[in-house]
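For reference, the chains in residue letters:
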Amino acid sequence: MPLIQPLAQSADLMTGMLTRLHRSFVAPGAHATAAQAQYARALVCRCATCPDQAGCARLQATMLHLDTPPDFCPNAQALMALPPAHSD
């Protein structure tokens with residue numbers, strides 16, 4: 001399997017998880033820095049190593065909001081350390 005496919009899937013899963021957790025790599029009103037972009041890339045790459053991406057996809061298909069990431073998520077602590085996303 002080409003490397004780009006798992007990374008694209010991981011990027012989609014990370015976006016979905018950020019949405020469901022109401023978290024963001026960038027604080028509301030701020031602009032992303034190079035360091036934040038590198039951090040986001042690192043989390044996507046770590047997501048690509050997750051043994052249960054199918055479980056994450058199923059969870060996201062049924063849940064629009066999560067208070068915490070699933071226990072199996074390799075990015076659980078990192079996601080919860082991100083700032084809350086802007087809510088309208």
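See the structure shown above.
Each chain has its residues counted from 1, running along the sequence as written. Selection of residues for local features in this predicted model requires a pLDDT of at least 70, selection of side-chain atom pairs for listing and counting requires 80 or more, and totals for whole chains, interfaces and linings are taken over all residues. Heavy atoms throughout the structure, all of them, feed into the side-chain values; hydrogens and water do not.

Draft legend 1. A look at the overall build of the protein. Counting from the N terminus, the helices are DSSP H or I runs at least four residues long and the strands are E runs at least two residues long. Each helix and strand in the protein was counted, giving 4 helices and 0 strands. Along its sequence from the N terminus, the protein presents helices and strands in the succession α-α-α-α. All radius of gyration figures rest on C-alpha atoms, and the globule criterion is 2.2 Å times the number of residues raised to 0.38. The globule rule puts the C-alpha radius of gyration for 88 residues at 12 Å, and the 13 Å found for the protein is close to it. Each principal axis of the C-alpha atoms in the protein carries an extent, and together these give about 40 × 30 × 20 Å. Approximately 5,700 Å² of the protein is accessible, and the part contributed by carbon and sulfur atoms is 61%. In this charge count, Lys and Arg are treated as positive and Asp and Glu as negative; neither His nor the chain ends contribute. Working definition for charges: the position is that of NZ of Lys, CZ of Arg, CG of Asp or CD of Glu. Of the side-chain charges in the protein, 5 are positive and 5 negative, and the distance between the mean point of each set is 7 Å. To measure how exposed things are, a 1.4 Å probe is used in the Shrake-Rupley method; for residues, cover is taken only from the protein chains shown.

Draft legend 2. View of the side chain of arginine 23. Within the element layout of this structure, arginine 23 appears in the loop between helix H1 (4-21) and helix H2 (34-48). Relative accessibility under 20% of the residue-type maximum defines a buried residue, over 50% an exposed one, and the middle range a partly exposed one, all with a 1.4 Å probe and only protein chains included. Salt bridge, as used here: a side-chain nitrogen of Lys or Arg that lies within 4 Å of a carboxyl oxygen of Asp or Glu. Aspartate 67 provides the closest opposite charge to the buried, salt-bridge-free arginine 23, at an N-O distance of 8.5 Å. A contact between two residues is defined here by any heavy atoms of the two lying within 4.5 Å. Non-local contacts of arginine 23, meaning those with residues more than four positions away in its chain, are made with Leu18, Leu79, Met80, Leu82, Pro83, Pro84 and Ala85.

Draft legend 3. Local environment of the environment of proline 51. Here proline 51 shows up in the loop between H2 and helix H3 (53-62). The spatial distance from the C-alpha of proline 51 to the C-alpha of cysteine 73 is 9.0 Å, given a sequence separation of 22 residues.

Draft legend 4. Representation of the packing of aromatic side chains in the model. Pairing of aromatic side chains here covers Phe, Tyr and the six-membered ring of Trp, requires ring centres within 6.5 Å, and sorts the geometry by plane angle: under 30 degrees stacked, over 60 edge-to-face, intermediate tilted. Throughout the structure, instances matching the rule amount to 1 aromatic pair. Between phenylalanine 25 and tyrosine 39, the ring centres sit 6.3 Å apart and the planes meet at 85 degrees, which makes this aromatic pair edge-to-face. With phenylalanine 25 in the loop between H1 and H2 and tyrosine 39 in helix H2, this residue pair connects regions lying 14 residues apart in the sequence. Judged by its relative accessible area of 18%, phenylalanine 25 is buried.

Draft legend 5. Main features of H3. Within the span of H3, buried status applies to Gln53, Gly55, Cys56 and Gln60. For H3, the buried positions fall inside an angular range of 155 degrees around the axis, keeping them on one side. Exposed residues lying more than 90 degrees from the buried face of H3 are Arg58, Ala61 and Thr62. When we speak of the arc, we mean the arc of directions from the helix axis to the C-beta atoms.

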